[in-house]
Every structure is written in structure tokens, then in C-alpha cells.
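Chain by chain, the residues:
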Amino acid sequence: MAQRQGGEPPTAAPITRPPLLKIYGLQALILVLVATSLLLVDLVTAKSALIGGLISVLPNAYFARLAFRHRGARAASAVAQSFYRGEAGKFVMTAVLFALVFSSVKPLQVEAVFLAFVAMTLTNTVFAWQLSNQRVTGTR
Amino acid sequence: MGLALIAVSLLIGLGAAGTAVGFGLLGGKLLEGSARQPEMAPMLQGKMFLIAGLLDAVPMIGVGIGMYVLFVLVPGMAA
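Residue positions are given per chain, counted from 1 along the sequence in the order it is written. Lettering of chains starts at A and numbering of ligands starts at 1, both following the order in which they are written. Totals for whole chains, interfaces and linings use all residues, but because this is a predicted model, local features are given only for residues with pLDDT of at least 70 and pairs of side-chain atoms are given and counted only at 80 or more. Hydrogens and water molecules were not included; the side-chain quantities draw on all heavy atoms of the structure.

Asks: Would you mind going over the overall build of chain B with me for this structure?
Replies: Note on conventions: DSSP H or I runs of at least 4 residues are helices, E runs of at least 2 residues are strands, and numbering of each starts at the N terminus. From N to C terminus, chain B includes four helices and zero strands. Ordering the α and β elements of chain B from the N terminus gives α-α-α-α. Each radius of gyration reported is based on C-alpha atoms, and the globular scaling rule is 2.2 Å times the count of residues to the power 0.38. At 17 Å, chain B has a C-alpha radius of gyration far larger than the 12 Å of a compact globule built from 79 residues. For chain B, contacts bridging at least 24 residues in sequence account for 70% of all contacts bridging at least 6. The protein chains shown are the only cover counted for residues, whose accessible areas, like all others here, come from Shrake-Rupley with a 1.4 Å probe. Working note: accessible area of chain B is about 3900 Å², and carbon and sulfur atoms make up 76% of it. Residue contacts follow a heavy-atom distance rule, with two residues in contact if any of their heavy atoms lie within 4.5 Å.

Asks: Where do I start with the environment of A76 of chain A in this structure?
Replies: Position of A76 of chain A relative to the elements: it lies in helix α4 (residues 76–104). To sort residues, take the accessible area from a 1.4 Å probe on protein chains only and compare it with the maximum for the residue type: under 20% means buried, over 50% means exposed, and anything in between is partly exposed. Of the residues examined, A76 of chain A reaches a relative accessible area of 8% and is grouped as buried. The residues touching A76 of chain A, leaving out its near neighbours within four places in the chain, are L30, L31 and S34 of chain B.

Asks: Help me understand helix α3 (residues 57–73) of chain B, please; the structure alone is not making it clear to me.
Replies: Given 3.6 residues per helical turn, the α-helix brings residues three or four places apart onto the same face. Here, expected helix span is obtained from the residue count minus one, scaled by 1.5 Å. Along its 17 residues, α3 of chain B runs 23 Å from first to last C-alpha, staying within 8% of the 24 Å computed at 1.5 Å per residue. Inspection of α3 of chain B places A57, P59, M60, G62, V63, G64, G66, M67, V69 and L70 of chain B among the buried residues, and these make up the whole buried set.

Asks: I keep staring at the interface of chain B and chain A and nothing clicks. Help me out?
Replies: In many analyses, interface size is given as the accessible surface area lost on bringing the parts together. Facing the 35 residues of chain B at the interface are 40 residues of chain A. If you sort the residues of chain B by the area they bury against chain A, Q45, F49 and M60 of chain B come out on top, with a joint share of 24%. In what follows, salt bridge is the name for a side-chain nitrogen of Lys or Arg lying within 4 Å of a carboxyl oxygen of Asp or Glu. Linking chain B with chain A are one salt bridge, by the criterion used here. With a shortest N-O distance of 2.7 Å, D56 of chain B and K90 of chain A are connected by a salt bridge. A 3.5 Å cut-off defines polar contacts: any pair of N or O atoms within that distance qualifies, except that in protein one atom must be a possible hydrogen donor and the other a possible acceptor, and neighbouring residues in sequence count only when both atoms are side-chain atoms. At the boundary of chain B with chain A, the tally comes to four residue pairs in polar contact (both at pLDDT 80 or more). Counting only elements with at least two residues in the side of chain B that touches chain A, the list comes to α1 (2–36), α2 (41–55) and α3 of chain B. Each of two parts loses accessible area, computed with a 1.4 Å probe, when they are put together; buried area is these two losses added.

Asks: Hey, could you run me through unusual backbone geometry in this one?
Replies: In the segment running from K106 of chain A into P107 of chain A, the intervening peptide bond is cis, with an omega of 0 degrees. Its place among the elements puts P107 of chain A in the loop between α4 and α5 (110–139).

Encoded structure:
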């Protein structure tokens, strides 16, 4: 507040939010397409792959939503706090979802669940890398 | 059954501890970097998001394997 009285702050460039809805929507679309194509193999495999992918996508989307709730250098401590909360929530969500799936969904193909989970985690990393590169080019 | 419970505890607990240490370092570096160069804060946030995804990928798989052991391989343990 004290800086605002003296005029515009030196970093007055607009800080845009990353397109999180687009990223996680695209991930969900990829997952649905893969699960639909797996329907040709087996219904249980397709269902298991869909569940495994969702176990990865849902907690990651929650984490990303919290991680980008605050922006800018002035909110750096709030950003760090949001990251911590998001990570804790993601960890708990993943554990609870795995527990729910393994205890209540039958029949289930465990290999398909884990393969889809790992594939969606890798996809999330690729999207995060692209997002990070966009941020770099956007700030320069 | 007891050994499986210890294995699951170690799998999830050590994974969570490693992630916690990594996130602590990551958050500290974000605060430090934002304080030194405030104009780089949005870029640092994007980089932190990327590294956070890499940091907790393997512990999350560990959580999944732990739940698999707990609820599928040794189902009597969870009841």
C-alpha cells in the first residue's frame, strides 16, 4: 500500500493466469479417447484405464487450481502456502481414491490402472513443461 | 501380515517425507527468488509447478502400490 501512494509499482505488467481448464480438459479428453479405444480390447481394461487416469488427473487439477490461485511477487508467501496446501490435498486425494478403487471396484485390471496412472502423470509433466516454457517466453 | 503393514507404512511414509522435504526446499527457493527478482516471480511459479509435478510423481506411484498391497494383496489387513 505504501508503494502505491508513490505512483505505479515498477512491475505493473499484467500477470495472466495459465489456461488450467484447457490443459486438464485436454488431458481428460485424451483419457476418454484412450479408454474408448480400449473398449475394443475389453470392457474391464477400458474401465480400469479410465479409473487409473482419473486418479491422476483429478488430484493434479486440484493442485494446479490451488497453485495458481495467487500470482506475483507480492503474493509470494501466499503462493508458497497454496503450493503446500495443494500438495497435501493431492497426496491425500490420491491415497483415498486408490483406496476407494481397490476396495470397492470389482472386477478391476490392476495393470491397466497403474499404466494409465503413470501415463497421465507423465502427460501432466509434459503439459506443465509446456506451460512453464510459455511463461518464460511471455515474460521476456 | 505384519511385515506387509510395515512395508506399506515405509512406502507411504518415506515417500511423503521425501516430498515434504523437497517442497520445503522448493517453497524456500521460490520466496528467495521472488524477493531477489520480483519481476521473475510468475516465471518462477511456472517452474515450481513443473518441478512439483516431477517431485511427487514417484511417491504418488508408491502410494498407489501401497494401497494395492493394503487392499488387494493382503485384504484382511485393511478390514
